[in-house]
Amino acid sequence: MANQTTPAKTAITPRRDEDFPEWYQQVIRAAEMAEPSDVRGCMVIRPWGYGIWENMQHQLDAMFRATGHRNAYFPLFIPLSYMAKEAAHVEGFAKECAVVTHSRLEVDAEGKLVPASPLTEPLVIRPTSETIIGASYAKWVQSYRDLPILINQWCNVVRWEMRPRIFLRTTEFLWQEGHTVHETEEEARAETKQMLDVYETFVRDHLAIPVFSGEKSESERFPGAVQTLCLEAMVQDRKAIQAGTSHFLGQNFARASGIQFHSRAGTQEFGWTTSWGMSTRLIGTVIMAHADDDGLVLPPRIAPTHVVILPITPKEETRAQVLAAADKLAGELRALNFFGAPIEVEVDRRDLGGGLKNWEWIKKGVPLRVELGPRDLESGNVAVSRRDQPVKAKELVPMAELAGRAVALLESIQENLLARAKQLRDKHTRVIDSKEEFYRFFTPENSAKPEIHGGFALAHWNGTGEVEEQIKKDLKVTIRCIPFDDSQNPPEPGVCPFSGQPSARRVVWAKSY
């Protein structure tokens, strides 16, 4: 009998190729990023996961400020009548709304707490804030001189979730939502595209994830929007994740909220509005895009810790000397700037075995691990490990040279993660011209326990909802985006393989989260 190769033991079980959804949950657990709450559908974001979110928040916020936006805060509660003002909007969110109907608790005759004092009008816990923010804007805007309004808010939102998955789909999640009002349609459309470009830069350059950008089809559009622009990323099970959206709302919400202004021509006009958002869902996208079978792999630009120094202190007599050298090295590294901020360094002084410590930081995805022990002090070298390389790979670097190389190492990891993600996406993006090939592409060989399959299909579409609905019903595949037309990606007219009718361009189809 031929010898069968036993798969190498991994820190995370199951492996990605065995059970991707469970692998994802185990990566989160092993990295101590988040955990399910006792409140169904909600999550507790632990310090390591929240540190990643804080970095995303700070970096995105700087990009918003650079484009003229400022932060504000609006109420968590939205009167039911406000939601009802925009018909398509309320219809789109109705099944996800959490509603407050009472204002206090009382003890009943059996000694149990029960809701009391019904509200005269129920309050919806914000699923998104277009309507409540619109009410404020209607008061603030009187003249064209009051425009544009360019405001963002960082907050939590609630959308009732029947099938929760940490970071990707939870009843409560954190996000930012930008809301702007403009004098003209042209300005509002330019804002919508500008903010999508900001998101694309952030996802590509900070999270090391390549994306397709384009427009949503009508069925996938934000409820009440005239146009929704989006980013779509491919993760390692070849499914799509929406990585950011920007909505041109036309005058729909301005009419519903009464946002009017005295124009330059002396007439009363409705404002043109936009909204755009990104959420903690992006953390899930980073995990699925970059993590491996040994745990999380973090792009250095969003890592809470860039370098962890692991002092090896087997003997008490050399302990103080090793720790002093570790602290000195940490100080040298902290004096350096990576991506506009000091390098974040942690010296792990815990009284744990070196192997246990090392594996904890591997699972947390820290970009660089540095081992330093008595022998290293004698040789003048330290063992440096990169998280984007095999976990047992080490490079001996002279201690005096590490500070000089640290920034370049972090930049190299960032670039490598993007290149790796782009290679995966390009490998599993296919131009498809026949219905048979399309169905084969998205059909697993093992229907009982589907293997990782499919990817992004670039196929023609006749523009009808009927075709879209049929594909969704048959394969659970949707149009992720209609790519923008430009000189690098000109529209390619053809024939829709599902209807035989003319098609103006190829669109991106995929299974998605």
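Structure's up top.
First things first, this report covers the structure right here in the doc. The structure displayed is predicted, hence computed values, not measured ones.

Moving on, we come to the overall build of the protein. Along the protein, the regular secondary structure elements total 14 helices and 27 strands. Taken over the C-alpha trace, the protein has a radius of gyration of 26 Å; the compact-globule value for 513 residues is 24 Å, and the two agree within 12%. Dimensions of the protein, computed from the C-alpha atoms along their principal axes, are close to 80 × 60 × 60 Å. The long-range share in the protein, meaning contacts at least 24 apart out of those at least 6 apart in sequence, stands at 70%. Carbon together with sulfur atoms contributes 51% to the accessible area of the protein, which is approximately 24,400 Å² in total. When the 61 positive and 68 negative side-chain charges of the protein are each reduced to one mean point, those points stand 3 Å apart.

So, about helix α12 (residues 399-427). Think of an α-helix as 3.6 residues a turn; residues three or four steps apart then line up on the same face. Look at α12: 40 Å from first C-alpha to last across 29 residues, which is about the 42 Å you get at 1.5 Å a residue. Along α12, the largest kink reaches about 50° and is centred on R405. Residues of α12 that are buried include every one of M399, L402, A403, A406, L409, L410, I413, Q414, L417, A421 and R425, and no others.

The strand order across the open sheet built from 11 strands is β3-β7-β8-β14-β11-β10-β9-β24-β27-β23-β22, with neighbouring strands paired in mixed fashion. The open sheet has two edge strands with one neighbour each: β3 (70-71) and β22 (429-431). Docked against the sheet, helix α8 (residues 281-290) engages β10 (227-234), β11 (240-248) and β14 (272-279), running at close to 145° with respect to β11.

Tracing the chain through its elements places K427 in helix α12. Residue K427 is classed as exposed on the basis of its relative accessible area, which comes to 66%. Separated by 398 residues in sequence, K427 and R29 have C-alpha atoms that sit 30 Å apart.

Calculation rules
Residues numbered from 1 in each chain as written. Predicted model: local features only at pLDDT ≥ 70, side-chain atom pairs only at ≥ 80, totals over all residues. Heavy atoms only, no water. Helix = DSSP H or I, 4+ residues; strand = E, 2+ residues; numbered from the N terminus. Rg over C-alpha atoms; globule rule 2.2 N^0.38 Å. Contact = heavy atoms within 4.5 Å. Areas by Shrake-Rupley, 256 points an atom, 1.4 Å probe, with all protein chains shown as cover. Lys, Arg positive; Asp, Glu negative; His and termini not counted. Charge placed at Lys NZ, Arg CZ, Asp CG, Glu CD. Expected span 1.5 Å × (residues − 1). Bend = angle between axes of the 7 residues up to and from the residue. Buried < 20%, exposed > 50% of the residue type's maximum accessible area, 1.4 Å probe, protein only. Pairing = 2+ DSSP bridges. Axes fitted to C-alpha atoms, helices over the stretch in contact; angles between N-to-C directions.

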